[in-house]
Structures are given as C-alpha cells and as structure tokens.
Amino acid sequence: MININQLTIVMYHYVRPIKNSKYPGIKGLELEGFRRQLDYLSSKYSLITAEQLINYSRGGDDLPENACYLTFDDGYKDHIEFVMPELLSRKIQGSFFPPADAIEKRSMLDVNAIHFILASTIDNKDLVNELNIACLECGLNASDLNLLRDKWALASRYDPPEIRYVKNMLQHALSKDIRSRIVSNLFKKYVGKTQIEFSEELYLSLSDTKELVNNGMYVGSHGSRHVWLDKEPKSWQLDEINRSLKFLEKVGARTNDWIMCYPYGAYNEDTLNILKSKNCAIGLTTKVGFANLTKSKMLELSRFDTNDFPQ
Ligand SMILES: [Zn+2]
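Residues numbered from 1 in each chain as written. Predicted model: local features only at pLDDT ≥ 70, side-chain atom pairs only at ≥ 80, totals over all residues. Heavy atoms only, no water.

Peer 1: Now, about the overall build of the chain: what can you tell me, with residues and values included?
Peer 2: Broken down by element type, the chain carries 13 helices and 11 strands. Scaling as 2.2 N^0.38, a compact globule of 311 residues should have a C-alpha radius of gyration of about 19 Å, and the chain matches this with 20 Å. Projected onto its principal axes, the C-alpha coordinates of the chain cover approximately 60 × 45 × 35 Å. Per-residue burial over the chain gives 52% buried out of 311 residues. The long-range fraction of contacts in the chain, counting pairs at least 24 apart against all pairs at least 6 apart in sequence, stands at 68%. Surface exposure of the chain reaches about 13,800 Å², of which carbon and sulfur atoms provide 49%. One finds the centroid of the 39 positive side-chain charges in the chain at a distance of 1 Å from the centroid of its 40 negative side-chain charges. (Helix = DSSP H or I, 4+ residues; strand = E, 2+ residues; numbered from the N terminus. Rg over C-alpha atoms; globule rule 2.2 N^0.38 Å. Buried < 20%, exposed > 50% of the residue type's maximum accessible area, 1.4 Å probe, protein only. Contact = heavy atoms within 4.5 Å. Areas by Shrake-Rupley, 256 points an atom, 1.4 Å probe, with all protein chains shown as cover. Lys, Arg positive; Asp, Glu negative; His and termini not counted. Charge placed at Lys NZ, Arg CZ, Asp CG, Glu CD.)

Peer 1: Can you tell me about the packing of aromatic side chains, naming the residues and giving the values?
Peer 2: Counted by the stated rule, this structure contains 17 aromatic pairs. Arranged with centres 6.0 Å apart and planes meeting at 85 degrees, the rings of Phe-34 and Phe-72 form a pair that is edge-to-face. Linking Phe-34 in helix H1 (residues 31-44) with Phe-72 in strand S5 (residues 67-73), this pair joins segments that are 38 residues apart in sequence. The pair Phe-34 / Phe-72 is uniform in exposure class, with both members buried. Members of the aromatic cluster, each reached through a chain of ring pairs, are Tyr-14, Tyr-23, Tyr-76, Phe-116, Phe-187, Phe-198 and Tyr-203. The ring of Tyr-190 carries Lys-189 above its face, with NZ or CZ at 5.9 Å from the centroid. Here the basic side chain of Lys-295 rests over the ring of Tyr-56, its NZ or CZ set 4.4 Å away from the ring centre. (Phe/Tyr/Trp six-rings, centres within 6.5 Å; stacked < 30°, edge-to-face > 60°. Lys NZ or Arg CZ within 6 Å of the ring centre and 35° of its normal.)

Peer 1: Tell me about the pattern of salt bridges, and please be specific about residues and values.
Peer 2: Side chains that differ in sign of charge can pair as their charged atoms come close. Using the criterion set out here, one finds 21 salt bridges in the structure. Of the charged contacts, one joins Arg-303 and Asp-73 as a salt bridge, the two residues approaching to 3.0 Å between their closest N and O atoms. Here Asp-73 lies in strand S5 and Arg-303 lies in strand S11 (residues 301-305), a separation of 230 residues in the sequence. Asp-73 matches Arg-303 in its accessibility class, with the two residues each being buried. Of the charged contacts, one joins Lys-77 and Asp-208 as a salt bridge, the two residues approaching to 2.8 Å between their closest N and O atoms. (Salt bridge = Lys/Arg side-chain N within 4 Å of Asp/Glu carboxyl O.)

Geometric descriptors of this kind do not, in isolation, establish any biological role.
If you want it as structure tokens, here you go:
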C-alpha cells in the first residue's frame with residue numbers, strides 16, 4: 001500500500017442512523033459505523049483534500065504516503081445532517097457530488113426511488129411479480145419478460161438475482177417512459193408517498209449545498225439528471241455537463257480544475273473529450289480498486305466502497 005502512485009478513494013452514499021429509522025431496510029452505512037470508520041481511516045491513512053488531488057493532477061506536489069480521499073455521492077440530506085458534523089469535528093474535508101436536478105428541481109432520481117421501493121418491500125418475489133404485471137400492462141409480452149429475466153436477473157457483488165433484476169429493469173433495461181411510469185406507481189404503492197414529497201426529505205437543498213462549500217467541503221459534478229453518460233450522444237452529454245457546471249457556479253464551487261464523478265461510473269471517449277475541453281482535472285469511476293495516479297489516467301480513477309473497510 002506504500003506506493004506513491006496509488007491512492008485509496010472511499011465512496012459513500014447513504015450515511016444515517018438506519019436500524020431504528022423508518023427505513024431499516026435501506027442499504028447504507030450506519031452513522032455509528034461511519035464514526036468508527038473515520039477513526040480507523042484517520043489512524044491508518046493521510047486523509048487528503050480535493051484541492052491536494054487536483055493540484056497533484058496539474059503537476060503540483062506529490063500526495064502523502066498512504067493517501068486517502070473521501071467521496072460522497074448523490075447529494076443526500078444525510079451529508080449535511082450527519083456527515084459534515086463528523087468531518088468538521090475531525091478536521092477532515094469531504095468531497096460531495098450532488099446531481100443538480102435533485103437539488104434544484106427537487107426531482108427524485110429513479111435510482112433513489114428504487115432504493116426506497118426495495119427498502120419498503122417485505123417479499124422480493126412479490127415485488128418481482130408486481131413489476132412483471134406492470135410490464136405486461138405496458139405492452140410487453142411473456143416472452144419479452146423471459147428474455148429480460150435471463151439477461152438481467154444476475155447476482156452482483158451486493159445483490160441477489162431478484163434485486164438485480166428489479167434494479168436493472170427499472171434503471172435502464174425498460175424504455176425511459178415505461179420505467180418512469182412503473183417506478184412512480186411502485187413508489188406510491190410501497191413507500192406510500194409521492195416522489196415530490198419524499199425528495200424534500202431525501203436531498204440537500206440549494207442552501208444546504210452552499211453550506212457544505214462555506215464550511216470548506218468540496219462540491220463537484222455528478223451530472224444534472226444522473227444518467228448513464230455512455231448511453232447518450234456527445235451533444236446530450238455536453239448539455240448535461242454544462243448544466244452541472246452552472247449548478248456548481250450557483251453554489252459557489254469551483255468550475256476550473258474541477259472533479260467529475262460519473263453517475264453509475266459510466267462514461268466513454270466522448271465524455272473524456274468533453275471533460276478535457278472543460279478543464280476537468282479528475283474523474284471518479286465506480287471501478288473497484290486503488291486509484292492509479294498515472295497522469296494520463298486522472299479522469300478514470302477507481303474507488304473502493306465503504307463496505308471494503310472496517311465499520
Ligand atoms: Zn450517483
């Protein structure tokens with residue numbers, strides 16, 4: 001691990017008291033575990049700031065040995081309510097990547113609606129059943145569903161096959177309009193609230209985001225609509241990135257030598273070219289591993305998940 005060319009980046013999403021909350025099924029990090037993990041990481045690593053990493057990428061000072069960098073994706077209220085106070089009390093900087101639309105338009109990302117549908121579901125088979133019925137109502141037939149199941153019901157690092165199937169179907173396998181309609185119906189049925197009501201509780205507000213910046217935290221881009229950039233044409237990607245840069249300007253975050261965190265870790269050559277033209281210094285993926293600090297690879301850094309460290 002003592003290698004100058006390698007950096008440990010940790011990725012966080014939900015960080016909150018989970019066990020006794022309204023959604024004990026949500027897949028996130030318990031606040032207590034977060035506190036323990038921060039103590040562990042501070043004792044083993046040199047925690048660095050976004051500015052140190054950006055500066056390094058532009059030919060500045062080397063990073064300290066055993067450097068570690070903390071990243072928080074998706075702009076959750078958790079980040080101001082629970083994460084920032086813990087970081088401030090330990091004098092650690094965190095880097096936060098909120099999708100602009102979730103903050104500014106209070107529109108709920110489908111990916112989050114799906115998390116809370118799953119967290120509110122008691123029986124996964126029942127949910128798969130509901131999903132399949134909804135698909136049939138939207139015009140798919142039984143043989144379409146068989147093909148989709150064979151393709152997408154595959155277990156992943158953290159999820160069993162039924163959950164992977166639901167996530168894949170609702171995140172990208174179904175067409176955009178069908179999946180939004182189904183997500184919004186399943187959300188009402190399982191969570192019992194509209195997505196608009198729920199997004200107020202779930203995401204940072206614009207002023208929360210400014211507060212992160214004003215407290216010395218780093219805020220970077222996680223796009224605007226939280227989409228798989230590699231599935232979109234270049235002009236669309238450019239619009240997406242421009243929108244998120246406007247958002248960064250609005251909250252007082254830097255827009256020169258900035259950091260992009262790819263939603264779902266998805267990007268392609270077009271994305272990289274746009275980022276270079278926009279003076280982006282660092283790109284964060286969801287590939288698992290040490291970040292390779294070779295200068296030509298700074299837009300494609302790997303990260304670890306919080307679950308890869310003691311909690
Ligand atoms: Zn995300």
